[in-house]
Amino acid sequence: MSAPLTILKDLVSIPSVNPMGRDVSGPEYFETRVTEYLLQYLKRLDVPFEQVEIAPGRSNVLARLDSPGATKTVLLDAHQDTVPVDGMTIPPFEPVEQNGRLYGRGSCDVKGGMAAMLAAFTRLAKERPAGMSNVVLSLTCDEEATSIGINHLTDSWSEPVPPYRLCPTRPDAAIVAEPTQLDIVVAHRGATRWKLHTAGRACHSSRPEEGINAIYRMAKVVLALEEFAAKLPTQRPAHPLCGPATLSVGRIDGGSSVNIVPDHCHIEVDRRLIPGEDRFGVIDELADYLRSKLDFEVTHEAPYCASPSLGDDLNGALSEQLMRVITSVVGPRKAVGVPYGTHASRFAREGIAAVVFGPGDIAQAHTKDEWIEIAQLDHAAEIYYRFCAGG
Ligand SMILES: [Zn+2]
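About the thresholds
Residues numbered from 1 in each chain as written. Predicted model: local features only at pLDDT ≥ 70, side-chain atom pairs only at ≥ 80, totals over all residues. Heavy atoms only, no water. Buried < 20%, exposed > 50% of the residue type's maximum accessible area, 1.4 Å probe, protein only. Helix = DSSP H or I, 4+ residues; strand = E, 2+ residues; numbered from the N terminus. Pairing = 2+ DSSP bridges. Domains from an automatic or database assignment. Contact = heavy atoms within 4.5 Å. Buried area = accessible area lost by both parts, 1.4 Å probe. Salt bridge = Lys/Arg side-chain N within 4 Å of Asp/Glu carboxyl O. Nonpolar A, V, L, I, M, F, W, Y, C, P; charged D, E, K, R; others polar. Axes fitted to C-alpha atoms, helices over the stretch in contact; angles between N-to-C directions. Donors = N, O, S within 2.8 Å, 3.2 Å for Na, K, Ca; no water. Tetrahedral: all angles 85-135°; square planar, octahedral: opposite > 155°, others 65-115°. Polar contact = N/O pair within 3.5 Å; in protein donor to acceptor, adjacent residues only side chain to side chain. Parallel < 35°, antiparallel > 145°, perpendicular 65-115°, else oblique. Left-handed = near helix turned anticlockwise from the far one by under 90°.

**A look at the pairing of strand β11 (residues 264-273)**
Alright, step 1. Of all 10 residues that make up β11, 8 are buried, and the element is covered over most of its length.
Alright, step 2. Pairing between strand β9 (residues 190-199) and β11: 10 bridges, direction antiparallel. Directly across from His 197, in β11, lies its bridge partner His 266.
Alright, step 3. Pairing of strand β10 (residues 246-254) with β11, which is carried by 8 bridges, proceeds in the antiparallel orientation. If you follow Asp 253 over to β11, its bridge partner there is His 266.

Structure (structure tokens):
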């Protein structure tokens, strides 16, 4: 059995389910036990490593290899958590090998990528190839929900006393593991989600003329948003790799009883950002638009999700270098844009060249019978190794 597959089987058999905001408990939730496995693994490998706890039971784990004379530091990032296992049709935590695939929760997203990175890091630690970059392995928590792990790491570089001993300053390049089928993701969209409120004046529904109906007001807001969304493609040309900027109203809630004129209504808006758009600026833009269309106040809450997009303006050289390595292992692949978000945009926000690259297909991520192709796992490990070894 190959080294990446052995590690992947271990990782799949240790649950690290992200509760995704639900009030649940049990040994399968949170990253604690996978974190413990990683710490033991790195201890055996005899390399410098550290654990930084972000919230109870939720830690980032970093390890580092320094190469004499290296001028560049490459960071490899993979997240420790998986999505929940509700409705799965296979045993989620019993890794099963069948027809060249490994089944189990996280096999594709993204314990496969993590296993490939760990296997590459292990080889680098043992072989120390001449010409190797400095390598930081960053195994982060909470990617699937609120990104506290990656935000803690990337925000730390602006702090006067950085909390990470092994990565106190910004690396030169970052490769983020997500299932890309060995293609390179050089751009992706971001998302801003927030709540909008309308207020009214409540009164008995038998005399509606004495009140102000917050639902009627929100109806006008929603129609204005539909119009705004329809105009977006003409006002903002689609990104060649990521497609168009979009807006969608996904939830509405208002009123308390049918016989009361409602004094409150709120909606939730999902705004997908293309590279170049500001994740907070889009709220101001929409607020200005509504102000110009409506004669009443609309309140905008601070966003509960503001995930930046990834542009391809910083990562050209990194992508080309990685593509040369990929080609040497599996033949040429593509540099692509995708609609989903990743940790890479957090690195890019810090001015770091960042791409997404890993084994597995996003089509199998989060599914009821999640699996990964084992051949891709081994290829990814070889590619991470050769890239860090100097190409
Ligand atoms: Zn993932």
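Now that the structure is up, let's keep going.
**Some thoughts on the domain arrangement of the protein**
Alright, step 1. Taken domain by domain, the protein comprises domain 1 (3-188 + 309-388) and domain 2 (190-307).
Alright, step 2. Domain 1 and domain 2 are separated by 36 Å when their C-alpha centres are compared.
Alright, step 3. At the junction of the two partners, domain 1 supplies 14 residues and domain 2 supplies 11 residues.
Alright, step 4. At the boundary of domain 1 with domain 2, total buried surface from both sides reaches about 810 Å², with 51% on carbon and sulfur atoms.
Alright, step 5. Joining domain 1 to domain 2, the criterion identifies 0 salt bridges.
Alright, step 6. Grouping the amino acids of the side of domain 1 that touches domain 2 by side-chain chemistry returns 7 nonpolar, 4 polar and 3 charged.

**Overview of the sheet that holds strand β16 (residues 371-373)**
Alright, step 1. Read from one edge of the open sheet, 3 strands run β4-β5-β16, paired in antiparallel fashion. The open sheet has two edge strands with one neighbour each: β4 (96-98) and β16. With strand direction ignored, the average angle separating the axes of adjacent strands in the sheet is 25°.
Alright, step 2. Examined bridge by bridge, strand β5 (residues 101-103) and β16 share 3 bridges and lie antiparallel to one another. Considered in β16, the bridge of Tyr 103 is made with Trp 371.
Alright, step 3. Along the sheet, helix α9 (residues 374-388) contacts β4, β5 and β16; its crossing angle with β16, the most-contacted strand, is approximately 65°.

**Here we look at the coordination of the zinc ion**
Alright, step 1. In this structure, His 79 (NE2), Asp 109 (OD), Glu 178 (OE) and Glu 178 (OE) serve as the protein donors to the zinc ion, at separations of 1.8 to 2.8 Å.
Alright, step 2. Each of the 4 donor atoms bound to the zinc ion contributes to angles spanning 51 to 145°, and the resulting shape is irregular.
Alright, step 3. Written as a sequence motif, the donor arrangement for the zinc ion is H-x29-D-x68-E. With Asp 109 in the loop between β5 and α3 (111-127) and Glu 178 in the loop between β7 (173-176) and β8 (184-188), the pair connects residues that are 69 residues apart, well separated along the chain. Accessibility assignment for this pair places Asp 109 and Glu 178 in one class, buried.

**What to know about the environment of Asp 142**
Alright, step 1. Counting through the fold element by element, Asp 142 comes out in the loop between β6 (134-140) and α4 (148-156).
Alright, step 2. Measuring from C-alpha to C-alpha, the distance between Asp 142 and Arg 271 comes to 22 Å, with 129 residues separating the pair along the chain.
Alright, step 3. When sequence neighbours within four positions are dropped, the list of residues in contact with Asp 142 reads Asn 18, Glu 31, Arg 58, Asp 81, Ser 147, Ile 148 and Gly 149.
Alright, step 4. Engagement of the side chain of Asp 142 in a polar contact is seen with the side chain of Asn 18, the distance being 2.9 Å.

**Things to note about the packing of helix α1 (residues 3-13) against α9**
Alright, step 1. Contact geometry for α1 and α9: axes closest at 9 Å, N-to-C directions at 115°. In terms of orientation, α1 and α9 fall into the roughly perpendicular class. Between α1 and α9 lies a crossing of right-handed hand. Within the contact between the two elements, α1 uses Pro 4, Leu 5 and Leu 8 and α9 uses Ile 374, Leu 377, Asp 378 and Ala 381.
Alright, step 2. When the residues that make up the contact of α1 with α9 are grouped by side-chain class, the tally is 6 nonpolar, no polar and 1 charged.

**A short note on the pattern of salt bridges**
Alright, step 1. According to the stated counting rule, one finds 23 salt bridges in the structure shown.
Alright, step 2. Between Lys 293 and Glu 227 there is a salt bridge, and its shortest N-O distance comes to 3.5 Å. Of this pair, Lys 293 sits in helix α6 (residues 281-293) while Glu 227 sits in helix α5 (residues 214-235); the two residues are 66 residues apart in sequence, bridging distant segments of the chain.
Alright, step 3. Here Glu 227 falls in the partly exposed class, since its relative accessible area comes to 36%.
Alright, step 4. Across the pair Arg 272 and Asp 270 runs a salt bridge whose closest N-O atoms are separated by 2.9 Å.
Alright, step 5. Accessibility expressed as a relative area gives 16% for Asp 270, which makes it buried.
Alright, step 6. Each of Arg 123, Glu 127, Glu 382 and Arg 386 takes part in salt bridges that share partners, so that together they form one network.

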